[in-house]
Amino acid sequence: MIDLSASASTHRIDRRVYGQFAEHLGRCIYEGVWVGADSGIPNKNGIRTDVVDALRHIKVPLVRWPGGCFADEYHWLKGVGDERQPMVNTHWGGVVESNEFGTHEYFELLDQLDAEAYINGNVGSGTVAEMQDWVEYMTLDHTAPMAELRKRHGREQPFKLEFFGVGNESWGCGGNMLPLHYANQYRQFQTYVRNYGDNRISKIACGANSDDYEWTEVLMARAAGHMDGLSLHYYTLPTGDWDAKGSATDFDEHGWYETIRQTRRMDELLTRHSAIMDTYDPAKRVSLIVDEWGTWYDVEQGTNPGFLYQQSTMRDALVAALNLNIFHRHGARVRMANIAQMVNVLQAMLLTDGSRMVKTPTYHVFDLYSDHQDADFVGLPGGGAGAFDSHGDVTVSRKDGALTISTANWHLERGIDAAFDLPANVTEVLRAEVLTSAAPTVHNTFDAPDAVRPVELPVRIDGRTLRFELPPRSVATVRVGQR
Ligand code: AHR
């Protein structure tokens, strides 16, 4: 029995940990989001309607764009106005990038999603002036060259820009810099990322690659006062080996449990990076922002290796749930996370094939978890997961007078009898759903789009006690109203 009767809330779960990442990579932007106004695929102003409808349903709070590695070779001026200038996407498949989807199209997507902006600027191959001009172009509201240019391109009012990243993976594809060099670059570039009118930008510095604690140390020591957030990138590879990552759908018991083990490392990474941040910023003013996370497998056979297209099974659903649980627990410092990536790339929410679209098991977890957004986190006794410890995990939050309990059981064969002692009597069950699959490798295809989807979960209530049974390899949410 997990005793929640005296549990108190310690922090708010920022809805932004449910953020998405959408890069000019493979078929994420082109086809996945953008089809153009003349397309036969139903769209509004060039953006596909089925994708927007699905993403609105899971309440996407913000979208990070345009990369990723692409961000450090992106020159924004080529992607505005009537004369778009193509370029080569050297990182991702060497294909020609038409620049049809640029700043205005990105903000159109955000309007349709009702989501916030997180733009990643170019430090690796860009200039301070180019970055400054872009921020002016987007947010200046008076007679000035960049604002005039925006108006000539059809947008009178400034855009609202909430978050701006200064470089991406500057230790790798974003310029191969050493930490002190980047800290200096960051300090210089961010000086010109200014607030105009009433627009307020949160500035995000490029943070560490997984367990590179030295990077965090140097950035916090040398630049913390100039940043609102510091990022972290950590991907889950079943093998931990970048040269042989393993298949998304063809795996055995070892591949299943190794993936779970690798993904649970996120907890240790957040603990140790946070501890360093705490020494320089005990008030937790600077957020830790996991702006790239998720599974990374070998690409689907027959697809362009530079497009990072992969399928998604119940294993990915568990990865999603376990990471979201970890973000909830670290919510006092972790205030944003962006899963990689939104459509057709890595651990995607949605996959498309021309006009067809399918929701992945990961999408369904984001749906099951949507009530945790901006809810008060409820700590468990002792901070642990009680009866769930050996092969399960649980997260609890409170919002609008209701309690939301989400559980993940990663055992391949064993179920879990879940029992919770609640702080007040249950008045009604608002939601009780479970996601599982007939076999670990089952996935949703364009011909069988509902092979993995949530179904109703039977629950038993006796006064203040709530009980339900979790099948093996499952993710569930129970939301109850209380008196
Ligand atoms: O998400 C794919 C790539 O992974 C991003 O472009 C890069 O930042 C990271 O290495």
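Residues numbered from 1 in each chain as written. Predicted model: local features only at pLDDT ≥ 70, side-chain atom pairs only at ≥ 80, totals over all residues. Heavy atoms only, no water.

1. Some points on the nonpolar core
Here comes step 1: Judged by nonpolar contacts, the single largest core of 119 residues is most densely connected at Phe164 and Phe327.
Here comes step 2: Ranked by the residues each element gives to this core, the list is headed by helix 8 (residues 314–329), at nine residues.
Here comes step 3: Those residues within four positions of phenylalanine 327 in sequence are excluded, and the remaining contacts are Val17, Met266, Leu270, Val290, Trp293, Val334 and Ala337.
Here comes step 4: In terms of nonpolar packing, the next biggest core, distinct from the first, is built from 23 residues, Leu4, Ile405, Ala418 and Leu466 among them. (Core = buried A, V, L, I, M, F, W, Y, C linked by side-chain atoms within 4.5 Å. Buried < 20%, exposed > 50% of the residue type's maximum accessible area, 1.4 Å probe, protein only. Helix = DSSP H or I, 4+ residues; strand = E, 2+ residues; numbered from the N terminus. Contact = heavy atoms within 4.5 Å.)

2. Thoughts on the site of the ligand
Here comes step 1: Taken together, 13 residues form the shell around the ligand, and within it Glu23, Cys69, Glu169, Tyr235 and Glu292 come nearest.
Here comes step 2: Here an oxygen atom of the ligand sits 2.9 Å away from a polar atom, N or O, in the main chain of cysteine 69.
Here comes step 3: Between an oxygen atom of the ligand and a side-chain N or O atom of glutamine 341, the distance comes to 3.0 Å.
Here comes step 4: Within the complex, 94% of the 290 Å² of free accessible area of the ligand lies under protein. (Near = heavy atom within 4 Å. Polar contact = N/O pair within 3.5 Å; in protein donor to acceptor, adjacent residues only side chain to side chain. Areas by Shrake-Rupley, 256 points an atom, 1.4 Å probe, with all protein chains shown as cover.)

3. Quick notes on the sheet that holds strand 17 (residues 376–378)
Here comes step 1: Sheet architecture is open: seven strands sit in the order 2-17-18-19-25-21-22, paired in antiparallel fashion. Either end of the sheet is taken by a strand with one partner, and the two such strands are strand 2 (9–12) and strand 22 (455–456).
Here comes step 2: For strand 2 and strand 17, the ladder comprises three bridges, and the chain directions are antiparallel. Residue pairing for strand 17: serine 9 is matched across the bridge by valine 378. (Pairing = 2+ DSSP bridges.)

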